[in-house]
Amino acid sequence: MRLEIFRTLWGYRGSWQQALDEALGAGFDGIEARIPETAAQRAINARLLREQNVPYIATLFTSTPVLPRQSDSSQVHLEDLRMKLDWAAELGPRLVNVLPGNDRWALSEQVDFFAHAAELASACGLRVCFEIHRGRSLYSPWVTLDVIRQVPELRFTSDISHWLVTCERLLDDPADDLSAFIERVDHIQARVGYDQGPQVPHPGAPEYAEVLAFHQRHWESIWSSQEKRGLQTTTLTPEFGPDGYLHHLPFTDMPVADLWQLNQWMARCERQHFHRFTSR
């Protein structure tokens, strides 16, 4: 199995061309970014991806990014998903990463929503993964496992940092059996979170060695599952980002680290980690 690492454009202010140049220069294989909302920009970016032969992971939010509009019904989310899957298809993505639904819905509504969302994913002809994320339908491991029991065909993106915040602990208790989820993960977003937040100040800091090790054990369990499933390529996006995730110093509001450097560090770390994993 081969590892492909994608650069996130979350918080990036430059052009896709500039982002691609920087990403390829730093050893990344492709980019992960939100779908442009205008047809003209989608056409420009699709041409760029084709000409440079760079793989792309499309990020899609049902309703509004990042938190959904609270008045939007599950039907509104499904109609929005249908439209944005069509948008994604214009860019020929490697896969589509969907941040779906709303955490406020009852379990019965969540299950009904995902049953219809799975039908849309199957019909669109694209590889579609649903991301676990706070504020969204898959904010909790226990809700997610309940949904899986009733809609087992779903595929997922794992950003387990969100679940650590939701549960306020590392999910390493013997009772924390996430295997039904792990068996359905196709894509990893590699951000290191901790029990009180979705992003540590720096994943290489010794005070966060325990949480880094937890995340890496989780990612290894996904890689092991993917190998058993016969996947030839696994994808991973280092996803340290802004918007309150990146720590800032009080009074000066100065960031404690540079996001691009954080994501490059995470990419190098996981290339080495994956090499150790495949060499065993």
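Refer to the preceding data block for the structure.
Residues numbered from 1 in each chain as written. Predicted model: local features only at pLDDT ≥ 70, side-chain atom pairs only at ≥ 80, totals over all residues. Heavy atoms only, no water.

A. Spatial organisation of the pattern of salt bridges. Inspection of every chain in the model, using the stated rule, returns 16 salt bridges. Glu-22 serves as the salt-bridge partner of Arg-7, at 2.8 Å between the closest nitrogen and oxygen. Separated by 15 residues along the polypeptide, Arg-7 in strand β1 (residues 2-8) and Glu-22 in helix α1 (residues 16-25) bring together distant segments of the chain. Residue Glu-22 is classed as partly exposed on the basis of its relative accessible area, which comes to 28%. Taken together, the salt bridges that share partners define one network made up of Arg-127, Arg-155, Asp-186 and Arg-229. (Salt bridge = Lys/Arg side-chain N within 4 Å of Asp/Glu carboxyl O. Helix = DSSP H or I, 4+ residues; strand = E, 2+ residues; numbered from the N terminus. Buried < 20%, exposed > 50% of the residue type's maximum accessible area, 1.4 Å probe, protein only.)

B. Focus on the packing of aromatic side chains. Tallied over the full model, the rule gives 12 aromatic pairs. When the centroid spacing of 4.9 Å and the interplanar angle of 85° are considered together, the rings of Trp-223 and Phe-274 count as edge-to-face. Placement of the pair is Trp-223 in helix α8 (residues 209-229) and Phe-274 in helix α9 (residues 259-279), with a sequence separation of 51 residues. Comparing Trp-223 with Phe-274, the two get one shared label, buried. Connected via pairs of aromatic rings, a cluster forms that spans Trp-105, Phe-113, Phe-114 and Phe-130. The ring of Tyr-12 carries Arg-7 above its face, with NZ or CZ at 4.6 Å from the centroid. (Phe/Tyr/Trp six-rings, centres within 6.5 Å; stacked < 30°, edge-to-face > 60°. Lys NZ or Arg CZ within 6 Å of the ring centre and 35° of its normal.)

C. Representation of the environment of Glu-153 within the structure. For Glu-153, the location among the structural elements is in the loop between α5 (141-150) and β6 (156-158). For the pair formed by Glu-153 and Leu-91, sequence separation is 62 residues and the distance between their alpha carbons is 25 Å.

D. Just α8, in detail. Relative to the 30 Å expected for 21 residues at 1.5 Å per residue, α8 spans 30 Å between its end C-alpha atoms, a close match to the ideal helical length. Buried within α8 we find Val-211, Leu-212, Phe-214, His-215, Gln-216, His-218, Trp-219, Glu-220, Ile-222, Trp-223, Ser-225 and Gln-226. Tucked into the core, α8 has its buried residues touching β6, α6 (161-167), α7 (179-182), β7 (185-190), β8 (233-238) and α9. Of the residues trailing α8, Gly-230 is marked for its positive phi of about 85°. (Expected span 1.5 Å × (residues − 1). Contact = heavy atoms within 4.5 Å.)

E. Up close: a nonpolar patch on the surface. A contiguous nonpolar surface patch, about 270 Å² in accessible area, is contributed by Leu-249, Met-254 and Val-256. What makes Val-256 partly exposed here is its relative accessible area of 39%. (Patch = residues over 30% accessible without salt bridge, like charges linked within 9 Å, V, L, I, M, F, W, Y side chains within 5 Å. Areas by Shrake-Rupley, 256 points an atom, 1.4 Å probe, with all protein chains shown as cover.)

F. Layout of the packing of α1 against helix α2 (residues 39-52). At a minimum axis distance of 11 Å, the contact between α1 and α2 shows a crossing angle of 30°. The angle between the axes of α1 and α2 places the two elements in the roughly parallel class. The element α1 and its partner α2 pack so that their crossing is right-handed. Every residue of α2 that contacts α1 at Trp-16, Gln-17, Leu-20, Asp-21 and Leu-24 is listed here: Asn-45, Leu-48, Leu-49 and Gln-52. (Axes fitted to C-alpha atoms, helices over the stretch in contact; angles between N-to-C directions. Parallel < 35°, antiparallel > 145°, perpendicular 65-115°, else oblique. Left-handed = near helix turned anticlockwise from the far one by under 90°.)

G. Representation of the environment of Met-1 in the model. Tracing the chain through its elements places Met-1 in the segment before β1. A relative accessible area of 28% means that Met-1 is categorised as partly exposed. Here the alpha-carbon distance between Met-1 and Asn-97, two residues 96 residues apart in the chain, equals 21 Å.

H. Structural detail: the pairing of strand β2 (residues 30-34). Burial runs high along β2: four of the five residues are buried. Relative to β2, β1 runs parallel, the two being bridged by three bridges. When the sheet's bridge partners are listed, Phe-6 is paired in β2 with Gly-30. Note on the crossover from β1 through α1 to β2: the handedness is right-handed. With four bridges connecting them, β2 and strand β3 (residues 56-61) associate as parallel partners. Bridge pairing in β3 links Glu-32 to Ile-57. (Pairing = 2+ DSSP bridges. Right-handed = clockwise from strand over helix to strand, strands pointing away.)

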